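In case you want the letters, here they are:
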Amino acid sequence: WRRPEGDDNTAFGLGLGYNGGNWGLGGMFATVEGNYGAAGAWGRIGPFHNPTNIEGFKVNGWFDLGGNASLSGHYAHWEAADENDSGELGLLSGDDEADILAINLDFTLNSNWDGSLGYERVELDGFFDSAEMTWYTLGLGYNMGENADLMINYLFSDFDDTFFGKGGALGVQATVRF
């Protein structure tokens, strides 16, 4: 791993949250400069993981709908941290902006089965000439015992940009804990 030389290689985030028992709210401000690089994951904008040259805020909340369901979501707005950045390393540059809205409904069907429904919309203004991306997710989870789970997810993507296209993906994940 090589650290980029020069400036613009730091990140900063400040967040605050409240847990009210059956509901919660949170918010954060963050800036990630264009040359920042570190091991791990610090976020994503649509299909782009660990975006750099971004600055903005994120608010989130959740509410317990009863013993078997909860609703959660977040909204984020990001702009280019350095409008003069050429965009070579950063996701956003110039006047580019990104708005993200995500909503999830998680529910329990019975002692073995649970499920989830998700919606996420990303609008990139100025990036790829203003792309809009939407994902719909349906997930089912099965508890196979104390140390094993099976998850089945279907993700449908609807992009108005021909670079990314449209379509669906089916995922199956088996987990065994030792």
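The rules we used
- Residues numbered from 1 in each chain as written.
- Predicted model: local features only at pLDDT ≥ 70, side-chain atom pairs only at ≥ 80, totals over all residues.
- Heavy atoms only, no water.
- Pairing = 2+ DSSP bridges.
- Helix = DSSP H or I, 4+ residues; strand = E, 2+ residues; numbered from the N terminus.
- Axes fitted to C-alpha atoms, helices over the stretch in contact; angles between N-to-C directions.
- Salt bridge = Lys/Arg side-chain N within 4 Å of Asp/Glu carboxyl O.
- Buried < 20%, exposed > 50% of the residue type's maximum accessible area, 1.4 Å probe, protein only.
- Contact = heavy atoms within 4.5 Å.
- Phe/Tyr/Trp six-rings, centres within 6.5 Å; stacked < 30°, edge-to-face > 60°.

Draft legend 1. The arrangement of the sheet that holds strand E10 (residues 148-159) in detail. Pairing within the open sheet is antiparallel, and its nine strands lie in the order E1-E2-E5-E6-E7-E8-E9-E10-E11. Only two strands of the sheet have a single neighbouring strand rather than two, namely strand E1 (11-19) and strand E11 (166-176). Across the sheet, the mean angle from the axis of one strand to that of its neighbour is 10 degrees, orientation sign disregarded.

Draft legend 2. Focus on the pattern of salt bridges. Counted under the stated rule, the structure contains four salt bridges. Between Arg121 and Glu123 there is a salt bridge, with its nearest N and O atoms 3.2 Å apart. Judged by its relative accessible area of 23%, Arg121 falls in the partly exposed class. The partly exposed category is assigned to Glu123, whose relative accessible area is 34%. Among the ionic pairs, Arg121 bridges to Glu132, the shortest N-O distance being 2.6 Å.

Draft legend 3. The environment of Gly168, seen in detail. By the element assignment, Gly168 lies in strand E11. C-alpha separation for the pair Gly168 and Thr137, spaced 31 residues apart in sequence, amounts to 9.5 Å. Here Gly168 is in contact with Tyr154, Leu155 and Phe156, once residues within four sequence places are set aside.

Draft legend 4. A look at the environment of Glu146. Looking at the element boundaries, Glu146 is found in the loop between strand E9 (131-145) and E10. The class of Glu146 is exposed, set by a relative accessible area of 73%. Sequence separation between Glu146 and Val176 is 30 residues, and the spatial gap between their C-alpha atoms is 9.3 Å.

Draft legend 5. Focus on the packing of aromatic side chains. By the definition in use, this model includes seven aromatic pairs. Seen in terms of ring centroids, Tyr18 and Trp23 are 5.3 Å apart; in terms of plane orientation they differ by 50 degrees. Their pairing is tilted. Using a relative accessible area of 32% as the deciding quantity, one classes Trp23 as partly exposed. Members of the aromatic cluster, each reached through a chain of ring pairs, are Tyr119, Tyr136 and Phe156.

Just geometry here; none of it tells us what the structure is for.
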